[in-house]
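# Inside the fold
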Amino acid sequence: MIREISVKGLRSPELLVASVLNKMKDGLLVIDTDGEHQIKPIKDIASKMNYKVEVENNTVKIHVGKIEASKSINVVGATCPGPIIMVSDILEKMEVGELLEIIASKNALTDLTEGLKGIGHEILSVEELEDGNYKILVKKGEKKEEGPASVNIDEVFIINTTGTGNAERAYSTFMMADIAQKMKLKPTIFLMLDGASLAQKGECDKVKHPVFPKLSELVKGVLNSGVKIYVCELSAEFRGINQKNLEEGFEIAGAPTFFNYLSKPNVRPVWL
Amino acid sequence: MDIKELGKKLEELLELEYPAVGVKLAKSEDEVPKEYEELEEPIRHCEMIQIARKEGKKFYAPLDKHSCKGGAYAIGILQNPPEPLATGKLYYKLGNFETEEGAVKTVEAIPKVKEKIYASVYAPLSDTDFDPDSIMVISSPKKGLRLVQALLYKEGGRFQADFAGIQSLCADAVAAVKVRGVANATLGCNGSRKYAHIDDGEMVFAFPSSDLENIVKALEHFKEIWG
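Counting restarts for each chain: residues are numbered from 1 in the order of the written sequence. Numbering of ligands from 1 and lettering of chains from A proceed in the order in which they are written. Since the coordinates come from a predicted model, pLDDT governs what is reported: local features require at least 70, and pairs of side-chain atoms require 80 or more to be given and counted, while whole-chain, interface and lining totals use all residues.

### Overview of the overall build of chain B
Operational definition: The numbering of helices and of strands both runs from the N terminus, where a helix is a DSSP run of H or I of at least 4 residues and a strand a run of E of at least 2. Values of the radius of gyration come from C-alpha atoms, whereas the globule rule sets the reference at 2.2 Å times the count of residues to the power 0.38. With C-beta atoms placed from the backbone, a residue is buried if 20 or more other C-beta atoms are within 10 Å of its own, exposed if 12 or fewer are, and partly exposed between those counts. Each residue is represented by a C-beta atom placed from its backbone, and any two residues with such atoms within 7 Å are regarded as in contact.
When helices and strands are counted, chain B shows 10 helices and 7 strands. Relative to the compact-globule value of 17 Å for 227 residues, chain B shows a C-alpha radius of gyration of 17 Å, a close match. Seen through its principal axes, chain B has C-alpha atoms that stretch 55 × 40 × 30 Å. Within the span of chain B, comprising 227 residues, buried residues form 50% of the whole. Residue pairs in contact within chain B that sit at least 24 positions apart in sequence constitute 73% of those at least 6 positions apart.

Encoded structure:
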């Protein structure tokens with residue numbers, strides 16, 4: 001069972017949350033809050049009751065017990081865009097609000113979570129399994145319909161397609177990410193086609209312009225500041241890059257992640 | 001003990017003038033008890049509660065029988081409300097709030113049933129033929145006090161009610177109880193006081209059917225010790 005409640009406007013949200021938790025035997029409690037001043041007492045009460053708590057923006061998720069999905073699918077072994085297509089086919093036949101359990105390998109994790117969120121579904125939980133694969137629980141949502149309202153651009157999606165073959169563009173990719181952060185814009189980097197060459201372990205260490213630091217130092221800097229660097233799964237595979245020789249901190253993703261970013265109204269793409 | 005018997009006990013133990021009312025939100029026609037008739041003319045959800053309570057009628061109301069869009073929206077029957085209602089700006093225009101921001105903030109926080117509901121179903125609890133999503137007791141604060149004591153008797157804790165003076169018998173007393181699975185209380189709203197004639201001396205308590213048996217047991221205990 002999934003119970004979704006709002007505690008917005010309540011002075012003692014933990015009282016309501018405790019009452020609701022007392023009556024739940026299993027499932028997930030999803031709580032929409034006003035922010036940190038409500039999240040802290042909720043986390044405290046849930047921890048006191050020995051429940052696992054996750055916080056994402058202003059939403060608190062409390063894992064009370066097992067959640068039964070109405071359908072399940074295993075996409076381990078499938079490569080981009082296979083997993084999202086297989087999962088979308090199943091979701092298409094399900095009712096809004098129904099739960100789907102997905103077993104996926106690490107390669108498909110970002111595509112599935114980002115891609116499914118992008119088309120209006122809700123990711124309820126992601127759990128790493130003992131065999132290194134992941135169990136993703138998704139709640140089918142309504143299709144997203146964007147209204148005509150104006151949106152503030154607060155993210156940039158920096159796409160590099162040239163990689164180590166064009167050092168200037170490679171430097172620009174990571175410098176722009178740094179500048180964007182200083183301008184309060186959230187950057188995300190996506191390496192595709194020849195750009196994927198930057199993702200091979202040690203490659204950025206070989207790039208050094210006489211007046212600039214090593215490219216690998218810029219990469220470290222943006223990774224340390226929390227910037228996500230995705231590498232196109234097919235472009236990586238094309239160049240023999242896999243989890244074993246992938247640069248630390250880089251994540252393999254695919255077309256669903258790429259299109260999800262491009263379709264966000266608050267994101268501007270930068271092609272390099 | 002079945003729900004009708006528990007409903008009768010509740011009525012007797014609280015010495016209610018009118019019965020408690022059971023409300024179910026049916027997701028499809030199949031979930032409406034067969035012998036229940038559709039309401040003939042559109043009225044407000046809060047008025048429907050009073051018909052079940054004061055006239056003892058059992059019936060259901062799909063979207064076209066709900067004349068209050070705010071009520072129908074709160075309980076999931078109306079899915080695409082007019083913009084001023086969905087955003088809360090309506091309540092600014094009605095004079096409930098000093099600013100539009102205050103109205104929007106309030107409406108954002110109002111409990112709401114998100115899933116699509118086909119019809120709301122009503123019956124006096126002592127004659128109900130379904131498992132209610134919310135059981136509503138409209139009574140004096142003194143009887144409400146006993147009800148809250150009964151709610152807390154088994155496991156203790158504190159009773160917390162939240163309401164905003166708008167969308168009361170719909171959002172506070174049905175949506176909040178169904179969505180959260182716990183009891184709530186409300187002082188009503190302009191609509192329920194004016195059109196559904198909730199008396200000045202009355203307030204509204206609502207709880208899920210899973211609380212009913214414990215409430216009745218606690219009220220029996222209180223009757224024994226306090227008379």
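We are not done yet, so read on.
### What to know about the overall build of chain A
Tallying secondary structure elements over chain A gives 8 helices and 13 strands in all. Rg of the C-alpha trace for chain A: 21 Å, near the compact-globule value of 19 Å for 272 residues, within the 12% margin. On the principal axes, the C-alpha backbone points of chain A span a range of 65 × 40 × 40 Å. The buried share of chain A, taken over its 272 residues, is 35%.

### A short note on the sheet that holds strand S6 (residues 99–104) of chain A
Residues and elements named next belong to chain A. Cut-off, in case you're wondering: One requirement defines pairing of two strands: DSSP has to find at least two bridges between them. Here, axes are lines fitted to C-alpha atoms. For helices the fit covers the stretch in contact, and angles between N-to-C directions go from 0 to 180 degrees.
Strands sit in the order S5-S6-S8-S7 across an open sheet of 4 strands; the sheet is mixed. Sheet topology places strand S5 (71–74) and strand S7 (122–128) at the edges, where each strand pairs with a single neighbour. Across this sheet, the average inter-strand angle for adjacent strands is 15°, counted without regard to direction. For S5 and S6, the ladder comprises 4 bridges, and the chain directions are parallel. The residue bridging Asn74 from the neighbouring strand is Ile103, located in S6.

### Observations regarding the environment of Tyr60 of chain B
Residues and elements named next belong to chain B. Mapped onto the fold, Tyr60 is located in strand S3 (residues 59–62). Here Tyr60 falls in the buried class, since 23 other C-beta atoms lie within 10 Å of it. With 20 residues separating them along the chain, Tyr60 and Asn80 place their C-alpha atoms 21 Å apart. In contact with Tyr60, not counting residues within four places along its chain, are Ala26, Val32, Tyr36, Glu38, Leu39, Ala119, Ser120 and Val121.

### Examining the sheet that holds strand S2 (residues 28–32) of chain A
Residues and elements named next belong to chain A. Strands sit in the order S1-S2-S4-S3 across an open sheet of 4 strands; the sheet is mixed. Lying at the two open borders of the sheet, with one neighbouring strand each, are strand S1 (2–6) and strand S3 (52–56). The sheet shows a mean angle of 20° between the axes of neighbouring strands, direction not considered. As judged from the 5 bridges shared by S2 and strand S4 (residues 59–63), these two strands associate in the antiparallel manner. Considered in S4, the bridge of Asp32 is made with Thr59.

### Concerning the interface of chain A and chain B
Put simply, the rule reads: Lys, Arg, Asp and Glu make up the charged group, whereas Ala, Val, Leu, Ile, Met, Phe, Trp, Tyr, Cys and Pro make up the nonpolar group; the residues left over, Gly among them, are polar.
In this complex, chain A contributes 14 residues to the contact, which on the side of chain B involves 14 residues. Contributions of two or more residues to the side of chain A that touches chain B are made by S1 and helix H1 (13–23) of chain A. Per-element accounting of the side of chain A that touches chain B gives the leading share, 6 residues, to H1 of chain A. Classifying every residue of the side of chain A that touches chain B gives 5 nonpolar, 6 polar and 3 charged.

### Let's talk about helix H4 (residues 106–118) of chain A
Residues and elements named next belong to chain A. For clarity, the cut-off: Here, expected helix span is obtained from the residue count minus one, scaled by 1.5 Å.
Taking 1.5 Å of rise per residue, 13 residues should cover 18 Å, and H4 covers 19 Å from first to last C-alpha, within 8% of that figure. All of the buried residues along H4 are Asn107, Ala108, Leu109, Asp111, Leu112, Thr113, Glu114, Gly115 and Leu116. Of the residues flanking the end of H4, it is Gly120, one or two places downstream, whose phi is positive at about 100°.

### A few points about the packing of helix H1 (residues 3–14) of chain B against helix H10 (residues 212–226) of chain B
All names here are of chain B. Put simply, the rule is: Here a crossing is taken to be left-handed if its near helix is turned anticlockwise relative to the far helix by less than a right angle, and right-handed if that turn runs clockwise.
Running from N to C, H1 and H10 cross one another at 35°; their axes reach a closest spacing of 10 Å. In this structure, the crossing between H1 and H10 has a hand that is left-handed. Between H1 and H10, the contacting residues are Ile3, Leu6, Lys9, Leu10, Leu13 and Leu14 on the first element and Leu212, Glu213, Ile215, Val216, Leu219, Glu220 and Lys223 on the second. Across the contact of H1 with H10, the residue classes break down as 9 nonpolar, no polar and 4 charged.

### Let's talk about unusual backbone geometry
Working note: non-glycine residues mostly have negative phi, and peptide bonds are mostly trans. Residue and element names in this part refer to chain A. Positive phi is not limited to glycine here, since Asn50 has a value of about 65°. Assignment of secondary structure puts Asn50 in the loop between helix H2 (36–48) and S3. Here Asn50 falls in the exposed class, since 6 other C-beta atoms lie within 10 Å of it. Positioned with a positive phi, Asn57 is a non-glycine residue whose angle comes to about 55°. As for its position among the elements, Asn57 is in the loop between S3 and S4.

### Things to note about the pairing of strand S8 (residues 134–139) of chain A
Residues and elements named next belong to chain A. Sheet topology places S6 next to S8; 6 bridges connect them, and they run antiparallel. The residue of S8 that forms the bridge with Ala104 is Tyr134. In this antiparallel pair of consecutive strands, S7 and S8, the connection spans 5 residues, and Gly132 shows a positive phi of 90°.

### Things to note about H10 of chain B
Residue and element names in this part refer to chain B. Stated precisely, the cut-off is as follows: Of all possible arcs, the one meant is that of the directions from the helix axis to the C-beta atoms.
If you check H10, its first and last C-alpha atoms are 20 Å apart, about what 15 residues at 1.5 Å a residue would give, namely 21 Å. Along H10, the positions that sit buried rather than exposed are Leu212, Ile215, Val216, Ala218 and Leu219. Along the axis of H10, the buried positions cluster into a sector of 165°, meaning they face one direction only. Exposed side of H10, more than 90 degrees from the buried face: His221, Glu224 and Ile225 are the residues found there. On its buried face, H10 is in contact with H1, strand S5 (134–139) and helix H7 (141–153). Where H10 ends, the next residue or the one after it, Gly227, has phi of about 85°, a positive value.

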